[in-house]
Amino acid sequence: QVKVVEAGGGVGHVGGSLTLPCGATGPLYGVTHMSWDKGRQLVASITEDGRKTDGNSANGRFTISGNWRQKIVTLQMTDLKLEDTATYYCKIRDIYNEYGAAGPSEYWGQGTQVTVIS
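Residues numbered from 1 in each chain as written. Predicted model: local features only at pLDDT ≥ 70, side-chain atom pairs only at ≥ 80, totals over all residues. Heavy atoms only, no water.

A. Examining the packing of aromatic side chains more closely. One pass over the full model with this rule turns up 1 aromatic pair. Both rings, one in Tyr89 and one in Trp108, keep their centres 6.2 Å apart while their planes meet at 75 degrees; by these two values the pair is edge-to-face. Of this pair, Tyr89 sits in strand E9 (residues 86–96) while Trp108 sits in strand E10 (residues 102–108), placing them 19 residues apart in sequence. Given the relative accessible area of 28%, Trp108 is considered partly exposed. For the cation-ring pair, Arg40 lies above Tyr89, with the distance from its terminal atom to the ring centre recorded as 5.1 Å. (Phe/Tyr/Trp six-rings, centres within 6.5 Å; stacked < 30°, edge-to-face > 60°. Helix = DSSP H or I, 4+ residues; strand = E, 2+ residues; numbered from the N terminus. Buried < 20%, exposed > 50% of the residue type's maximum accessible area, 1.4 Å probe, protein only. Lys NZ or Arg CZ within 6 Å of the ring centre and 35° of its normal.)

Here it is in structure tokens:
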């Protein structure tokens with residue numbers, strides 16, 4: 001069973017920083033993307049060859065990095081704003097399912113709350 005576990009949420013101050021790490025374990029055979037989403041909106045994603053995509057909320061303030069061997073994806077959040085307050089979810093995309101059969105699969109973590117205060 002694939003498990004996706006986020007950490008690092010909590011309270012940050014306006015202008016401050018938070019780091020959100022996420023790790024995935026279990027039968028992952030062909031991970032293509034790892035991403036962080038704010039609710040269901042993309043914050044940032046990264047592919048195995050290092051291509052990054054930022055959503056609107058990142059706006060040059062957030063940086064995503066990934067360790068494909070360990071299946072860890074980290075979101076570094078800087079210059080926090082009040083509107084960054086949300087539940088953030090880690091998402092893993094695989095071209096195979098848990099049984100190794102072809103068929104795209106998405107695995108989500110349980111979410112981690114980020115609250116930004118002034």
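B. Structural view of the state of the cysteines. Enumeration according to the criterion identifies 1 disulfide in this entry. Between the sulfur atoms of Cys22 and its disulfide mate Cys90 the distance is 2.1 Å. Every disulfide takes its handedness from the sign of the S-S torsion; for Cys22 and Cys90 that torsion is -85 degrees, giving left-handed. With a gap of 68 residues between them, Cys22 in strand E3 (residues 18–25) and Cys90 in strand E9 connect regions that are remote in the sequence. The pair formed by Cys22 and Cys90 is uniform in burial state, with each residue classed as buried. (Disulfide = S-S within 2.5 Å.)

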